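Residue-level listing of the chains:
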Amino acid sequence: NGGNETTVLPFTTSYAYSISQQIYTFEDVEQTGNITGIAFQYKSGASGTRSIDVYMKHSNIETFATVTSWESMTNEYKVYSGDIVISGTADEWVGVTFTTPFAYTGGNFVLCVYDHTNSTLGGTTFHADDVSGKSLCYYSSMFPAPLDPSNVNKNGYMFNYRNNIKLSFAEG
C-alpha cells in the first residue's frame, strides 16, 4: 500500500507508552507465506530509538466497531520484541526483522505495535492510507506502563489512516 496521508501510527512518540492495532487484508498484502519483518514509511519529525513489541494475528474483523474493540494480543502472537531506530530521513522505510515469523495464510490480520519506551521523543509522523475504521490507538505518559496488549481495556482513538507497510517474506 502507498498512500500519502500522515499519521502518528504505529507508535506515538510524543508519549512514553502507546499501543496501536491496524487491520490489513489479503488485498493489501497480495501473497501468503512466512512474514519475517515489517517496515513503516517514515514521513517527518524526531529521530531516535523506541522499544517496541510487534504482534500479528489472523482475524475475521473487517473494521474496529468501537474505540474499545481491541483484539487480545497474547505472547503467542508476538513476532518481535526489541528496538526500532528512526533515522529522521524523510520517506525512509523504518523496520525490524521478526524473531518469530508470522505464518500468514491469507485473509485479514491485525498488526499490533506496543511502544513501551518509557520516554518521549517528540512528534514523528509516518505515511499512511486514508481508510476508515481500520486503526485504533491509545497512548499515555503515566508510569508504570498502563498498557497490556492481552487486555487493553482502554477507550482508544479511532484513526481514519493506516500505515503504509512493507512486509518481508521468507524465500521458498
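Residues numbered from 1 in each chain as written. Predicted model: local features only at pLDDT ≥ 70, side-chain atom pairs only at ≥ 80, totals over all residues. Heavy atoms only, no water.

Observations concerning the confidence of the model for the protein
For the record, the criterion: What pLDDT reports is the predictor's confidence in each residue, on a scale of 0 through 100. Counting from the N terminus, the helices are DSSP H or I runs at least four residues long and the strands are E runs at least two residues long.
On average, the protein scores 91 in pLDDT, and the residues at 70 or more come to 96%. For the protein, strand S1 (residues 5-7) is the element with the lowest average pLDDT, namely 84, and strand S6 (residues 93-104) is the one with the highest, namely 97.

Structural notes on the pattern of salt bridges
Should their charged atoms come close, side chains of opposite charge can pair. The following threshold applies: In the sections that follow, a salt bridge refers to a side-chain nitrogen of Lys or Arg positioned within 4 Å of a carboxyl oxygen of Asp or Glu. For each residue, the accessible area found with a 1.4 Å probe, counting protein chains only, is set against the maximum for its type, and the residue is called buried under 20%, exposed over 50%, and partly exposed in between.
Under the definition given, this model contains five salt bridges. Between Arg50 and Asp115 there is a salt bridge whose closest N-O contact spans 2.8 Å. In this pair, Arg50 sits in strand S4 (residues 48-59) while Asp115 sits in strand S7 (residues 108-115), placing the two residues 65 residues apart along the sequence. Here Arg50 falls in the buried class, since its relative accessible area comes to 1%. Residue class for Asp115 comes out buried when judged on its relative accessible area of 0%. Within this structure, Asp28, Asp129 and Arg162 form a network of salt bridges that share partners.

Description of the environment of Tyr77
So the rule is basically this: Contact between two residues is taken to exist if any of their heavy atoms lie within 4.5 Å; hydrogens are not considered.
Locating Tyr77 in the fold gives a position in the loop between S4 and strand S5 (78-86). Residues Tyr77 and Met158, spaced 81 residues apart in sequence, show a C-alpha to C-alpha distance of 22 Å. When near neighbours in sequence (up to four residues on either side) are disregarded, Tyr77 contacts Val54, Tyr55, Met56, Lys57 and Ser72.

Let's talk about the side chain of Asn108
What counts here: Whenever a nitrogen or oxygen atom comes within 3.5 Å of another N or O atom, the pair is scored as a polar contact, on the condition that within protein one atom can donate a hydrogen and the other can accept it, and that pairs from neighbouring residues in sequence are kept only if both atoms are in side chains.
Relative to the helices and strands, Asn108 is located in strand S7. Side-chain polar atoms of Asn108 contact the backbone oxygen of Ile61, separated by 2.9 Å. A polar side-chain atom of Asn108 sits 3.3 Å from a polar atom in the side chain of Glu62. Ignoring sequence-local partners within four residues, the contact set of Asn108 consists of Ile23, Tyr24, Thr25, Lys57, His58, Ser59, Asn60, Ile61 and Glu62.

With respect to the pairing of strand S3 (residues 33-45)
Basically, it comes down to this: Here, a strand pair is defined by DSSP locating no fewer than two bridges between the strands.
Relative to S6, S3 runs antiparallel, the two sharing eight bridges. From the neighbouring strand, Gly37 faces S6, where its bridge partner is Thr97. Pairing analysis gives five bridges linking S3 to strand S10 (residues 165-169), with the strands arranged antiparallel. Looking across to S10, one finds that Ala39 is bridged to Lys166.

Description of the nonpolar core
In plain terms, the rule: What is meant by a nonpolar core is a set of buried Ala, Val, Leu, Ile, Met, Phe, Trp, Tyr and Cys residues, joined one to another through side-chain atoms within 4.5 Å.
Ranked by internal contacts, the top residues of the largest apolar core, which has 26 residues, are Phe98, Phe109 and Leu111. For this core, the elements supplying multiple residues, two or more each, are S3, S4, S5, S6, S7 and S10. Per element, the largest residue contribution to this core is five residues, and it comes from S6. Dropping the residues within four chain positions of it, Leu111 is found in contact with Ser20, Gln21, Gln22, Tyr24, Ile38, Phe40, Val54, Tyr55 and Met56. One finds Ile23, Tyr55, Met73 and Tyr114 within the second-largest nonpolar core, a separate group that totals 15 residues.

Side note on the packing of aromatic side chains
Inclusion rule: Whether two aromatic rings pair depends on their centres lying within 6.5 Å, for rings of Phe, Tyr and Trp, where Trp uses its six-membered ring; planes under 30 degrees apart make the pair stacked, over 60 edge-to-face, and the rest tilted.
A complete count under the given rule lists eight aromatic pairs for this structure. Summarising the aromatic geometry, the rings of Phe102 and Phe109 are spaced 5.9 Å apart at their centres and angled 55 degrees between planes, so their arrangement reads as tilted. Classification of Phe102 by relative accessible area gives buried; the value is 7%. Clustering of aromatic rings is evident, with ring pairs tying together Tyr24, Phe102, Tyr104 and Phe109.

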